[in-house]
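# An overview of the molecular structure
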Number of protein chains: 4
Amino acid sequence: MTINSDKWLVLYRTVHFGDTDGAGVMHFHQLFRWCHEAWEESLEHYGISLSEIFPTNSHQKYPPEIALPIIKCEASFRHPIHAGEKLEIRLKPTKIDNSRFQIESTFLINKNVVAIGSIQHLAINQETRKRCEMPQAILLWLEASSINTGPKPI
Amino acid sequence: MTINSDKWLVLYRTVHFGDTDGAGVMHFHQLFRWCHEAWEESLEHYGISLSEIFPTNSHQKYPPEIALPIIKCEASFRHPIHAGEKLEIRLKPTKIDNSRFQIESTFLINKNVVAIGSIQHLAINQETRKRCEMPQAILLWLEASSINTGPKPI
Amino acid sequence: MTINSDKWLVLYRTVHFGDTDGAGVMHFHQLFRWCHEAWEESLEHYGISLSEIFPTNSHQKYPPEIALPIIKCEASFRHPIHAGEKLEIRLKPTKIDNSRFQIESTFLINKNVVAIGSIQHLAINQETRKRCEMPQAILLWLEASSINTGPKPI
Amino acid sequence: MTINSDKWLVLYRTVHFGDTDGAGVMHFHQLFRWCHEAWEESLEHYGISLSEIFPTNSHQKYPPEIALPIIKCEASFRHPIHAGEKLEIRLKPTKIDNSRFQIESTFLINKNVVAIGSIQHLAINQETRKRCEMPQAILLWLEASSINTGPKPI
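Structural notes, computed from the coordinates. Computed from a prediction, not measured in an experiment: that's the story for all the values here. (Residues numbered from 1 in each chain as written. Chains lettered and ligands numbered in written order. Predicted model: local features only at pLDDT ≥ 70, side-chain atom pairs only at ≥ 80, totals over all residues. Heavy atoms only, no water.)

A word on the relation of the copies chain D and chain B. For these two chains of identical sequence, chain D goes onto chain B by a turn of 180° and a shift of 0.0 Å along the axis, with RMSD 0.0 Å. Expressed as an axis order, the relation between the two copies is that of a two-fold axis. The rotation axis passes nearest to the C-alpha of Arg-13 of chain D in chain D, at a distance of 6.0 Å. The residues that chain D uses at the interface reappear at the interface of chain B in 100% of cases, marking a shared surface. (Least-squares fit on C-alpha atoms with pLDDT ≥ 70 in both. Contact = heavy atoms within 4.5 Å.)

With 22 residues of chain D in contact, the opposing surface of chain B contributes 22 residues. Carbon and sulfur atoms supply 56% of the area buried between chain D and chain B, which totals about 1,700 Å² over both sides. Counting the surface chain D buries against chain B, the share from its top three residues, His-16, Phe-17 and Thr-56 of chain D, is 31%. One can count 6 residue pairs in polar contact (both at pLDDT 80 or more) joining chain D with chain B. (Buried area = accessible area lost by both parts, 1.4 Å probe. Polar contact = N/O pair within 3.5 Å; in protein donor to acceptor, adjacent residues only side chain to side chain.)

Expressed as a screw operation, the relation of chain D to chain A combines 0.0 Å of axial shift with a rotation of 180°, fitting to an RMSD of 0.0 Å. Most of the interface of chain D is mirrored in chain A, where 100% of its interface residues again form contacts.

Looking now at the environment of Phe-107 of chain B. Residues and elements named next belong to chain B. When you line up the elements, Phe-107 lands in strand β5 (residues 100-109). Judged by relative accessible area, which is 0%, Phe-107 ranks as buried. Placed 69 residues apart in sequence, Phe-107 and Ala-38 show a C-alpha to C-alpha distance of 11 Å. Apart from residues lying up to four places away in sequence, Phe-107 is in contact with Leu-31, Trp-34, Cys-35, Leu-87, Glu-88, Ile-89, Asn-112, Val-113, Val-114, Ala-115 and Gly-117. (Helix = DSSP H or I, 4+ residues; strand = E, 2+ residues; numbered from the N terminus. Buried < 20%, exposed > 50% of the residue type's maximum accessible area, 1.4 Å probe, protein only.)

Right, let's talk about the interface of chain D and chain A for a bit. Taken together, the contact pairs 20 residues of chain D with 20 residues of chain A. Roughly 1,600 Å² is buried in total at the junction of chain D and chain A, and carbon and sulfur atoms are behind 68% of that figure. Interface area lost by chain D to chain A is led by Phe-28, His-29 and Cys-73 of chain D, which between them contribute 31%. Put simply, chain D and chain A have 0 salt bridges between them. For the interface between chain D and chain A, the tally reads 4 residue pairs in polar contact (both at pLDDT 80 or more). Taken together, the elements giving at least two residues each to the side of chain D that touches chain A come down to α2 (30-46) and β3 (70-77) of chain D. (Salt bridge = Lys/Arg side-chain N within 4 Å of Asp/Glu carboxyl O.)

A word on the side chain of Asp-21 of chain B. Its place among the elements puts Asp-21 of chain B in the loop between β1 (10-14) and α2 (30-46). Here Asp-21 of chain B is buried and forms no salt bridge, its nearest opposite-charge partner Arg-129 of chain C lying at an N-O distance of 9.1 Å. If we ignore the near neighbours within four places in the chain, the residues touching Asp-21 of chain B are Phe-17, Thr-20, Asp-21 and Gly-22 of chain A together with Met-26 and His-27 of chain B. (Lys, Arg positive; Asp, Glu negative; His and termini not counted.)

Residues and elements named next belong to chain C. On the secondary structure map, Ile-109 appears in strand β5 (residues 100-109). The spatial distance from the C-alpha of Ile-109 to the C-alpha of Gly-84 is 11 Å, given a sequence separation of 25 residues. Leaving out residues up to four positions away in the same chain, Ile-109 has contacts with Ile-81, Glu-85, Lys-86, Leu-87 and Val-114.

Shown next, in the form of structure tokens:
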């Protein structure tokens, strides 16, 4: 059996006009929006419902007990990105420990890397605000993702 | 006694580079962000704490019982707005009925109107999601604001 | 021959976590971002390249001679929209005159209308900033779109 | 003579409702918007006009010859930030070499650090897109800023 992680770790988007600034290129912090949206899409493609992971509203029947605030993020920009360009986004998720994970998103245009963004999440209990184990669904997604990106067995 | 509404109905902001798009001008929907931020500032200048009005987080001691969702908004754009330009924002709040109010924001550069935005809110009970009377603080702010924009001639 | 406008006038998107605010629902002005992005997607699905229509950067070989600033927009909100929800977006473009057109976007969740946004554009000459005829590509898109939304009965 | 850098290296802002997400706290990438806006404000308070530094539109009489794209940025988040909270922002600009500089922004609430963001810019010639010396105005601002954060001990 072959698990194909391509369907949830490689994503696509078009640069919109509103993503650009007066210099005619993508305004830098939009990259982080793209990173987060790519992560959400990845979870969905893998089979996780967003309402399991994200707080929606006070009327949610089973609001997530675990919150996943971002504690760190960084990006590097190599080439300007223009409206209308087609991005390929390759995700590389990494489990750091039981409560922390990181997702690196590499953005490519015509197979050239144009930018890289990285986001680190910490799992905390919604009530106590204390560090806790990350949700099972995220663990499975991380494991499945690392199998696929992971060092190939000898 | 003269109440001077200038301090809460006339506000100022500078256009930031990130507010512009690839055409070199303010990206249209930023105007609504400015309208909402100007409204928040107006409430604060008048003496209302934002945590009285806006839900903050699940750990808020007294979360507002009344939500004020936006049910309508509109804008018209007369002149392009560029990074670095200084905006004067004149608010004209109007009570529509006991549960609805509207804030019209007129944006000026060098005394010329460049854009007008308008937002309409409805007061609903946070739990039942049913229409209710708006918060007392908002009522007072509306009343004080209309006194100051002047009694209408008979 | 049947022209199927479904592929460019009916679009889909998922609500992202970052689209919501502290009330747990879509923050109102994101709707205008969605409207503009849906319009861009529609043009692309119809066969128009975004770089024909939108200024990208100063190094663009053939920058568009015609700019399409937004002169008006409005929205109404009927139901709260939450992260993870699936939106169907139905576009209804209308030619107002040779230099003005409007795109109304109706947002549905499970076939229920949750919000409607509308944007009006004016064609102006990039150099003179004077009103001009809209680009040929937009005219064709408008015409094809109105054929498909059906001739009005007499 | 004492130069008081407080007026351009210490800035203030209030967290707006639209800066928050469905978790009731500031949505992470807004921090980068705040960093950039604080930098712009700092330049202005120091006495530099934004139109000297940022491209505005094609009709600008003297468009800046030097662009300052962001090549790197990063942030760390220590405490949740809620709507209505008052931020103090302390800027620490650093010249890296003749074409690169970095601005670290530390965000405090009630004298506690809640987040730190850092942005690195590269000066390039607008036409050739090649690395060049940064604008004189930025050099002066960097120098004045470092004088004030104090000479490093030998």
